[in-house]
Amino acid sequence: MASKAKTYPEIRIPSPVTQTWLAYKENPVAMAALWGMACLLLVVIFGPSFVSYNPLQQDPNALLLPPSWAAHGTIVHFLGTDDLGRDLLTRLIYGARLTFGSAVVATLIAMLCGCAVGLLAGMSRGLKSSVLHHMLDTLLSIPSLLLAIVLVAVLGPGLDNAALAVTLTLTPQFIRATYNAVNDELQKEYIVAVRLDGSPPLRILRLAILPNIVDIIVAQTTRALSTAILDISAVCFLGIGAQSPSPEWGTMLADGMDLIYIGAWTVTLPGFAIIFSVLVTNLVGDGLRSALQKGID
């Protein structure tokens, strides 16, 4: 006997992650930026394993060679060399780990610590919440780069201290963003209904608040990552972060400033690397935030 046809067709509703991905793929600019960020992460993780030069290796026979597409360039040094004969492509690849990699680690640590404190403060009331609120207003009134410079001056020069200083300057931003987002959600009617239903604060936080502030945390994370890249590069450019001959992008930029008229590629290439990493980070963040908002709507 033939089976009866289903009266009601089965409708599969995609998960929130799938909905977000489908919405994100509709934005070609965001997808291109995502591929760019993926390439940056691959360079950070695997890049140094595939280069044939040492980033500190000097070659007196290859001083200030232009990139390979220039008239006197050579394919052996695809992006040219600096005034000490060091291969720029190798230094940029190693520098990606120092600049972009350090910024990613600093941002992730600041996000975890800041969001945890912000959630705790947002769910609390009274004197503890008020004191934290005013302390954050004081810290956020100081530009992040200025605060990072002060902290590095106290901690001492070095890339590790620069990354630590940037982490400390980014954490209050995450605390404030999470704190405000939780406070806004707590004022909404559905939260009042959940409370009247007898749900404990932890359940309200996990099931009602966190899913609705993901887009705010994502937006803050991408902004913080681009800020971290710029701040680490700026601190190193000023000479109080990574020290020469380190291939950190900001340090390379500072070392090449005296050569800008005779070897412009020694300045433009690390500068382009910084701009590219900040650009793809912001574009990915904008695309992801738009996709999350479409998923919520």
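Residues numbered from 1 in each chain as written. Predicted model: local features only at pLDDT ≥ 70, side-chain atom pairs only at ≥ 80, totals over all residues. Heavy atoms only, no water.

### Some thoughts on the overall build of the protein
Along its length, the protein carries eleven helices and zero strands. When the elements of the protein are put in sequence order from the N terminus, they spell out α-α-α-α-α-α-α-α-α-α-α. For 297 residues, the compact-globule estimate of 2.2 N^0.38 gives 19 Å, and the C-alpha radius of gyration of the protein, at 24 Å, exceeds that figure by more than 25%. Across its three principal axes, the protein shows a C-alpha extent of roughly 80 × 70 × 25 Å. Within the span of the protein, comprising 297 residues, buried residues form 44% of the whole. Expressed as a percentage of contacts within the protein between residues at least 6 apart in sequence, the contacts between residues at least 24 apart total 69%. Taken as two groups, the 17 positive and 19 negative side-chain charges of the protein have centres that lie 15 Å from each other. (Helix = DSSP H or I, 4+ residues; strand = E, 2+ residues; numbered from the N terminus. Rg over C-alpha atoms; globule rule 2.2 N^0.38 Å. Buried < 20%, exposed > 50% of the residue type's maximum accessible area, 1.4 Å probe, protein only. Contact = heavy atoms within 4.5 Å. Lys, Arg positive; Asp, Glu negative; His and termini not counted. Charge placed at Lys NZ, Arg CZ, Asp CG, Glu CD.)

### Thoughts on unusual backbone geometry
Going from Ser-244 to Pro-245, the amide bond is cis rather than trans, its omega being 10°. Mapped onto the fold, Pro-245 is located in the loop between α9 (214-237) and α10 (249-255). Phi at Leu-64 is positive, roughly 50°, even though this residue is not glycine. As for its placement among the helices and strands, Leu-64 is situated in the loop between α2 (28-46) and α3 (88-123). What makes Leu-64 partly exposed here is its relative accessible area of 22%.

### Some thoughts on the packing of α3 against α9
With their axes 8 Å apart at the nearest point, α3 and α9 run at an angle of 135° to one another. In terms of their interaxial angle, α3 and α9 are classed as oblique. In this structure, the crossing between α3 and α9 has a hand that is right-handed. On the side of α3, the interface is formed by Thr-99, Phe-100, Ser-102, Ala-103, Val-104, Thr-107, Met-111 and Cys-115, while α9 contributes Ile-217, Thr-221, Ala-224, Leu-225, Ala-228, Ile-229, Ile-232 and Ser-233. Taken together, the residues that form the contact of α3 with α9 break down as eleven nonpolar, five polar and no charged. (Axes fitted to C-alpha atoms, helices over the stretch in contact; angles between N-to-C directions. Parallel < 35°, antiparallel > 145°, perpendicular 65-115°, else oblique. Left-handed = near helix turned anticlockwise from the far one by under 90°. Nonpolar A, V, L, I, M, F, W, Y, C, P; charged D, E, K, R; others polar.)

### Re the confidence of the model for the protein
Summing up the model confidence of the protein, the mean pLDDT is 85 and the portion of residues at 70 or higher is 92%. Looking at the elements of the protein, mean pLDDT is at its lowest for helix α4 (residues 127-140), recorded as 68, and at its highest for α2, recorded as 93. (pLDDT = per-residue confidence, 0-100.)

### Describing the nonpolar core
Residues Leu-92, Ile-229 and Trp-249 are the most contacted members of the largest nonpolar core, which totals 45 residues. Mapped onto this core, the elements with two or more residues apiece are α1 (16-25), α2, α3, α5 (144-155), α6 (159-186), α9, α10 and α11 (265-296). By residue number, the principal contributor to this core is α11, which donates nine residues. Beyond its immediate stretch of four places on either side in the chain, Ile-229 contacts Thr-99, Phe-100, Ala-103, Ile-274, Ser-277, Val-278 and Thr-281. One finds Leu-119, Leu-186, Ala-208 and Ile-209 within the second-largest nonpolar core, a separate group that totals ten residues. (Core = buried A, V, L, I, M, F, W, Y, C linked by side-chain atoms within 4.5 Å.)

### Some points on the packing of α2 against α3
Relative to each other, α2 and α3 sit at 110°, their axes nearing to 8 Å. Classified by the interaxial angle, the pair formed by α2 and α3 is roughly perpendicular. Of α3, the residues touching α2 (which contributes Leu-40, Leu-41, Val-43, Val-44 and Ile-45) are Ile-93, Ala-96, Arg-97, Phe-100 and Gly-101. In terms of residue class, the contact of α2 with α3 is built from eight nonpolar, one polar and one charged.

### Quick look at α1
An α-helical turn contains 3.6 residues, so any two residues separated by three or four positions project in the same direction. When α1 is considered as a whole, its buried residues turn out to be Thr-20, Ala-23 and Tyr-24. Looking straight down α1, one finds that the buried residues subtend no more than 100° of arc, so they occupy a single side. (Arc of directions from axis to C-beta.)

### Considering the packing of aromatic side chains
Scanning all chains against the criterion turns up three aromatic pairs. An angle of 15° between the planes, with centres 6.2 Å apart, marks the rings of Trp-21 and Tyr-24 as stacked. A residue pair is termed a helical-turn pair when its members lie 3 or 4 positions apart in one helix, as Trp-21 and Tyr-24 do in helix α1 at three residues. Between Phe-272 and Phe-276 the ring centres are 6.2 Å apart and the planes differ by 25°, which places this aromatic pair in the stacked class. Here Phe-276 and Phe-272 lie together in helix α11, a separation of four residues that amounts to about one turn. By relative accessible area, which is 55% here, Phe-272 ends up exposed. Here Phe-276 falls in the partly exposed class, since its relative accessible area comes to 30%. (Phe/Tyr/Trp six-rings, centres within 6.5 Å; stacked < 30°, edge-to-face > 60°.)

### Some words on the pattern of salt bridges
Going through the model one piece at a time under the given rule, you end up with two salt bridges. In this structure, Asp-82 engages Arg-86 in a salt bridge whose closest nitrogen and oxygen atoms are separated by 2.7 Å. Residue Asp-82 is classed as buried on the basis of its relative accessible area of 6%. Judged by its relative accessible area of 5%, Arg-86 is buried. With its nearest N and O atoms 2.6 Å apart, the salt bridge here joins Arg-289 to Asp-286. Remark: Asp-286 and Arg-289 occur in helix α11; sequence separation between them is three residues, near one turn of the helix. (Salt bridge = Lys/Arg side-chain N within 4 Å of Asp/Glu carboxyl O.)

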